[in-house]
Amino acid sequence: QVQLVESGGGLVQAGESLNLSCAASGNTWSINGMGWYRQASGKQREMVATILSGGTTKYADSVKGRFIISRDAKKTVYLQMNSLKPEDTAVYYCNAEVWTGYKYIEVWGQGTLVTVSS
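Residue positions are given per chain, counted from 1 along the sequence in the order it is written. Confidence filtering applies because this is a predicted model: local features only for residues at pLDDT of at least 70, side-chain atom pairs given and counted only at 80 or more, and all residues used for totals across whole chains, interfaces and linings. To get the side-chain values, all heavy atoms of the structure are used, and hydrogens and water are removed first.

Give me the lowdown on the sheet that holds strand β7 (residues 67–71), citing residues and values where you can.
Strand order in the open sheet formed by 4 strands is β1-β3-β8-β7, with antiparallel pairing between adjacent strands. Looking at strand neighbours, the two that pair on one side only are β1 (2–7) and β7, the edges of this open sheet. Between one strand axis and the next, the sheet turns through 15° on average, direction left out of account. Strands pair, by our definition, only if DSSP identifies at least two bridges between them. Going along the chain from the N terminus, every DSSP run of H or I of four or more residues is numbered as a helix, and every run of E of two or more is numbered as a strand. Of the strand pairs in this sheet, strand β3 (residues 18–26) and strand β8 (residues 76–81) are connected by 6 bridges, and their pairing is antiparallel. Throughout, an axis means a line fitted to C-alpha atoms (over the contacting stretch in the case of helices), and angles, computed between N-to-C directions, take values from 0 to 180 degrees.

Structure below.
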């Protein structure tokens, strides 16, 4: 099994930066892609950024040029968020694509709240 624990959320003002971390534990050898998703109050969860094991990244249009996703060899994934806007306020969830031996499943962290004040 794989467990994900996020950290780094908090309250910041518009224009400031935050760095989120997500530490994976357990059978981390089975992890392929990892990513960050967010869910604002009253809205559906949306993809923010993803990164494959080979390093290929993908970003939502709303965060391109402001957010940077990265991961290290220990299966920790980071989200550097710059030039934050009030519309970035949401609960941010870490996600991992995990190989079970016969299929991929998605594992989620508990989420960390990011609040950006104007």
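How would you summarise the packing of aromatic side chains if you had to cite specific residues and measurements?
The relative placement of two aromatic rings is captured by the distance of their centres and the angle of their planes. Any two rings among Phe, Tyr and Trp, with Trp reduced to its six-membered ring, count as a pair given centres within 6.5 Å; such a pair is stacked if its planes are under 30 degrees apart, edge-to-face if over 60, and tilted if neither. Here the structure, examined in full by the defined rule, presents 2 aromatic pairs. Ring geometry for Y37 against W108: centres 5.1 Å apart, planes inclined by 70°, an arrangement best described as edge-to-face. Note that Y37 is positioned in strand β4 (residues 31–39) and W108 in strand β10 (residues 104–108), a separation of 71 residues in sequence. Relative accessibility decides the category of a residue: with a 1.4 Å probe and only protein chains considered, values under 20% of the type maximum give buried, values over 50% give exposed, and everything between is partly exposed. Residue Y37 is classed as buried on the basis of its relative accessible area of 19%. Here, a charge over a ring means that NZ of Lys or CZ of Arg falls within 6 Å of the ring centre while also lying within 35 degrees of the ring normal. The ring of Y93 carries R45 above its face, with NZ or CZ at 3.8 Å from the centroid. For R45, the ring lying beneath its charged end belongs to W108, and the centroid distance is 4.6 Å.

For the state of the cysteines, give the residues involved together with the corresponding values.
Disulfides are covalent bonds that link the sulfur atoms of two cysteine residues. In this description, the term disulfide denotes a pair of cysteine sulfurs within 2.5 Å. By the definition in use, this model includes 1 disulfide. Covalent S-S linkage joins C22 and C94, the inter-sulfur distance amounting to 2.1 Å. Between C22 and C94, the S-S torsion sits near -85°, and that sign places the bridge as left-handed. In this pair, C22 sits in strand β3 while C94 sits in strand β9 (residues 90–99), placing the two residues 72 residues apart along the sequence. There is no split in this pair, since C22 and C94 are both buried.

Requested: an account of the pairing of strand β5 (residues 46–51), with residues and values cited.
Judged from the 5 bridges that link them, β4 and β5 form a sheet pairing that is antiparallel. The partner of R38 across the bridge, within β5, is E46. Turn length for the β4-β5 hairpin, with the two strands adjacent in sequence and antiparallel, is 6 residues, and the turn residue G42 shows positive phi of about 80°. Summarising the sheet, β5 and strand β6 (residues 57–59) pair through 3 bridges and their orientation is antiparallel. Bridge pairing in β6 links I51 to T57.

Break down the nonpolar core for me, with residues and values.
In terms of nonpolar packing, the biggest core is built from 30 residues, with L4, M34, W36, L79, M81 and Y92 touching the most fellow members. Looking at this core, the elements with two or more residues in it are β1, β3, β4, β5, β7, β8, β9 and β11 (112–117). Top contributing element to this core by residue count: β9, with 5 residues. Nonpolar cores are built from buried Ala, Val, Leu, Ile, Met, Phe, Trp, Tyr and Cys residues. Side-chain atoms within 4.5 Å join them into one set.

Now, about a nonpolar patch on the surface: what can you tell me, with residues and values included?
Residues enter a patch when their relative accessible area is above 30% and they make no salt bridge; the linking distance is 9 Å between like charges and 5 Å between nonpolar side chains (Val, Leu, Ile, Met, Phe, Trp, Tyr). Only the protein chains shown count as covering a residue, and every accessible area follows the Shrake-Rupley method with a 1.4 Å probe. The salt bridge definition used is simple: a Lys or Arg side-chain nitrogen within 4 Å of an Asp or Glu carboxyl oxygen. Taken together, the side chains of W29, W99 and Y104 make up a nonpolar region of the molecular surface, amounting to roughly 390 Å² of accessible area. For W29, the location among the structural elements is in the loop between β3 and β4.

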